[in-house]
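Close look at the chain arrangement
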Amino acid sequence: SYVSGQAAEFLGVPTDTLSQIVLHLGNGASASAIVGGRPVDTSMGLTPTGGVPMGTRSGDLDPGVLLYLMRVEHLDADALETLLNRQSGLAGYADGESDMQALEKRAAAGDANASLALEAFATAVRKTIGAYAALLGGIDLLVFTGGIGEHSAEIRRRVCDGLAFMGLVEGDPAGKVRAIHTEEEKQIARHCRALLQAG
């Protein structure tokens, strides 16, 4: 909510005129499809485990994987929860490393697992953008936020690679891609105040 409002303010247009995709990319990661300032879809499901891969969370996967792990590896619910929430995602690809800056350094030095982690993450985010663009019938703005979204030009470049046909080019000052700092606590406070004032 905060970021989509800031994006509209940055462009000098009303929020209710925009179709946006907001990518909150950090150790946790989510994508939201937003029309007129209201979300119509988000990548996380019942829990934060769903969606794109994250620092240690798996993101979406084939439900058959869980059945396989239960039947063949004899994992119970607690072990599955630990695996999916604390040992998967970027860490699962890259020998336990979930820090994006460390992964970028390792990838630049030729580490194949770190490179795989970066590409898997960027590809999953790019696929989500494509799905949301179809859902929205096109987008006016793609916004990156969160620790990775704001600070990693490399990830923004990888995510946008191949999306120029939609006008999504990282680093184009006149383009549809923006990195915006989020103020989650401020937005939560605003919502709380509005609820209190409403009685």
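Note that the coordinates shown come from a computational prediction; the quantities given were computed from them, not determined experimentally.

A closer look at the nonpolar core
Of all hydrophobic cores here, the largest spans 35 residues; its most connected members are Leu23, Leu25, Phe121, Ile129 and Leu142. If you list the elements that add at least two residues to this core, you get strand S1 (19–25), strand S2 (29–35), helix H5 (100–108), helix H6 (112–136), strand S4 (141–145) and helix H8 (153–160). Of the residues forming this core, the biggest block, eleven residues, is contributed by H6. In this structure, Leu25 is in contact with Ser30, Phe121, Val125, Phe144, Thr145, Gly146, Gly147, Ile148, Gly149 and Ile155, ignoring residues within four places of it in sequence. Core analysis: the second largest hydrophobic core is formed by eight residues, Val22, Leu141, Val143 and Ile180 among them.

Observations concerning the sheet that holds S2
One open sheet accounts for five strands, arranged S3-S2-S1-S4-S5; its pairing is mixed. The sheet is open, and its two edges are formed by strand S3 (38–42) and strand S5 (177–179), each paired on a single side. The average angle at which neighbouring strand axes cross in this sheet is 25 degrees, direction not considered. Alignment of S1 against S2, held across seven bridges, turns out to be antiparallel. Pairing of Leu25 across the sheet is with Ala29, part of S2. Relative to the sheet, helix H1 (residues 2–11) contacts S1, S2, S4 and S5, its axis offset from that of S4 by approximately 125 degrees.

Comments concerning the side chain of Ser32
Turning to its location among the elements, Ser32 is positioned in strand S2. Relative accessible area serves as the criterion here: at 17%, Ser32 is assigned to the buried category. Apart from the residues lying within four places of it in its own chain, the contact partners of Ser32 are Gln20, Ile21, Val22, Asp41, Thr42 and Tyr132.

Some words on the packing of H5 against H6
In a pair of packed helices, the angle between the axes and the distance between the axes together describe the arrangement. Interaxial distance between H5 and H6 falls to 7 Å at its minimum, and their mutual angle equals 120 degrees. Between H5 and H6, the angle is such that the two are oblique. Of the two possible hands of crossing, H5 and H6 adopt the one that is left-handed. Contacts between H5 and H6 involve Met100, Leu103, Glu104, Arg106 and Ala107 from the first element and Asn113, Ala114, Ser115, Ala117, Leu118 and Phe121 from the second. A breakdown of the residues in the contact of H5 with H6 according to their chemical character gives seven nonpolar, two polar and two charged.

Points about the side chain of Ser152
Secondary-structure assignment places Ser152 in the loop between helix H7 (146–151) and H8. Polar contacts involving the side chain of Ser152 include one to the main-chain amide nitrogen of Ile155, which spans 3.0 Å. Excluding residues that lie within four positions of it along the chain, Ser152 makes contacts with Glu104 and Gly147.

About the thresholds
Residues numbered from 1 in each chain as written. Predicted model: local features only at pLDDT ≥ 70, side-chain atom pairs only at ≥ 80, totals over all residues. Heavy atoms only, no water. Core = buried A, V, L, I, M, F, W, Y, C linked by side-chain atoms within 4.5 Å. Buried < 20%, exposed > 50% of the residue type's maximum accessible area, 1.4 Å probe, protein only. Helix = DSSP H or I, 4+ residues; strand = E, 2+ residues; numbered from the N terminus. Contact = heavy atoms within 4.5 Å. Pairing = 2+ DSSP bridges. Axes fitted to C-alpha atoms, helices over the stretch in contact; angles between N-to-C directions. Parallel < 35°, antiparallel > 145°, perpendicular 65-115°, else oblique. Left-handed = near helix turned anticlockwise from the far one by under 90°. Nonpolar A, V, L, I, M, F, W, Y, C, P; charged D, E, K, R; others polar. Polar contact = N/O pair within 3.5 Å; in protein donor to acceptor, adjacent residues only side chain to side chain.

Bear in mind that shape data such as this cannot, by itself, settle questions of function.
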